[in-house]
Amino acid sequence: MDLNSLKSISVIGSGLMGSGISQIFAGHGFKVTTYDVDPGQEQVMRDRISSNLSLIWAGEPDKDQRIKDLLDGIAFTIDLKSTAESADFVVECVPENLGLKQEIFSALDCMCREDVPLASNTSVMSITEIASKCKGKHRIIGTHFWNPPFLLPLVETVRTENTDDEIIELTMALLKKVGKRPILVKKDVPGFVANRLQHALWREAISIVENGIADAATVDECIKNGFGLRLPALGPMENADMVGTDLTLAIHDYILRDLESSPEPSPLLRKLVEKGNLGFKSGQGFQTWSDEAIAASRKNLQKYLMAVTTK
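Residues numbered from 1 in each chain as written. Predicted model: local features only at pLDDT ≥ 70, side-chain atom pairs only at ≥ 80, totals over all residues. Heavy atoms only, no water.

Undergrad: Even after reading the chapter, I still don't get the pairing of strand β1 (residues 8-12), so can you show me in this structure?
TA: In summary, the side chains of a regular strand alternate between the two faces of the sheet. Within β1, five of the five residues are buried, which leaves the element mostly enclosed by the surrounding structure. Across the two faces of β1 the burial is the same, with S8, S10 and I12 and I9 and V11 all buried. For β1 and strand β4 (residues 89-92), the ladder comprises four bridges, and the chain directions are parallel. Considered in β4, the bridge of I12 is made with E92. (Buried < 20%, exposed > 50% of the residue type's maximum accessible area, 1.4 Å probe, protein only. Helix = DSSP H or I, 4+ residues; strand = E, 2+ residues; numbered from the N terminus. Pairing = 2+ DSSP bridges.)

So, in structure tokens, the structure goes:
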């Protein structure tokens with residue numbers, strides 16, 4: 001199968017990620033079928049997509065018609081077999097439950113044509129494990145979209161030892177065609193690439209708070225107003241080459257022994273969860289959050305992402 005022969009995309013799961021991914025493919029002219037076990041999810045999905053598009057196309061005179069046209073390109077079904085049989089490419093977006101994902105992929109492997117790539121949007125689970133009960137392991141690949149998928153360009157494309165090169169190339173080409181920035185994860189490791197980087201930063205940030213070096217708000221200020229500002233233009237590997245690998249080595253020789261290296265979650269984090277201090281969910285986490293502050297944080301993130309991704 002080549003890129004030009006991909007016409008019909010099946011999305012398995014219509015939640016937050018499934019809705020966004022359906023929106024992406026429909027917005028680029030693909031015929032999309034979205035599957036869910038709950039028929040009541042159809043309206044939820046359509047309302048969510050409509051809200052996303054209203055945000056992106058705010059102020060445009062033909063907004064309502066454009067939204068209608070895009071939604072008309074998305075079919076909804078509770079019949080997995082028909083969804084699988086009509087697919088040229090499948091993206092799975094069911095909840096992060098290994099047994100459920102294995103069950104879904106085993107069914108898809110039997111129902112889909114043999115040349116159809118089967119992709120999982122899991123953010124953390126092993127693609128190899130997800131594919132373990134399938135015969136067609138060669139066609140199974142990870143495609144980790146980042147939330148919100150209709151705004152963030154990154155998609156981590158994860159290969160296993162069994163994934164065919166042709167499946168990888170086709171998947172990467174498809175993602176580029178719909179405006180994404182796919183990266184190839186060469187090894188199927190926990191957290192892939194971006195989550196490993198993100199949580200290494202979180203581990204050190206939490207450790208700084210836990211050890212009384214700075215409070216939570218100060219840690220965030222350091223990142224937002226310091227190196228975080230240059231990250232979109234200067235990644236860490238480029239930065240290391242910019243300052244020189246010799247200087248990078250000298251700094252690491254001095255500082256790495258003092259950075260947090262525990263393989264276990266922070267005791268402070270565990271204590272917060274045990275107390276029911278769950279952040280936005282409860283109004284208290286590392287910081288105190290009023291309803292107004294929570295709304296302001298979400299709005300600020302939405303405004304920022306719109307500014308940098310929809311130019």
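Undergrad: Teacher, can you tell me more about the state of the cysteines here?
TA: Covalent bonding between the sulfur atoms of two cysteines is what defines a disulfide. Throughout the structure, instances matching the rule amount to zero disulfides. No disulfide involves C134; its sulfur sits 7.8 Å from the nearest other cysteine sulfur, which is in C110. (Disulfide = S-S within 2.5 Å.)

Undergrad: Looking at this structure, I do not really get the side chain of H144. What am I missing?
TA: Structurally, the position occupied by H144 is in strand β6 (residues 140-145). A distance of 3.2 Å separates polar atoms of two side chains, one belonging to H144 and the other to W146. Among the polar contacts listed, one links the side chain of H144 to the side chain of E156, at a separation of 2.7 Å. Sequence-distant contacts of H144, defined by excluding residues within four places in its chain, comprise S120, N121, T122, S123, L154, V155, E156, F192 and N195. (Polar contact = N/O pair within 3.5 Å; in protein donor to acceptor, adjacent residues only side chain to side chain. Contact = heavy atoms within 4.5 Å.)

Just geometry here; none of it tells us what the structure is for.
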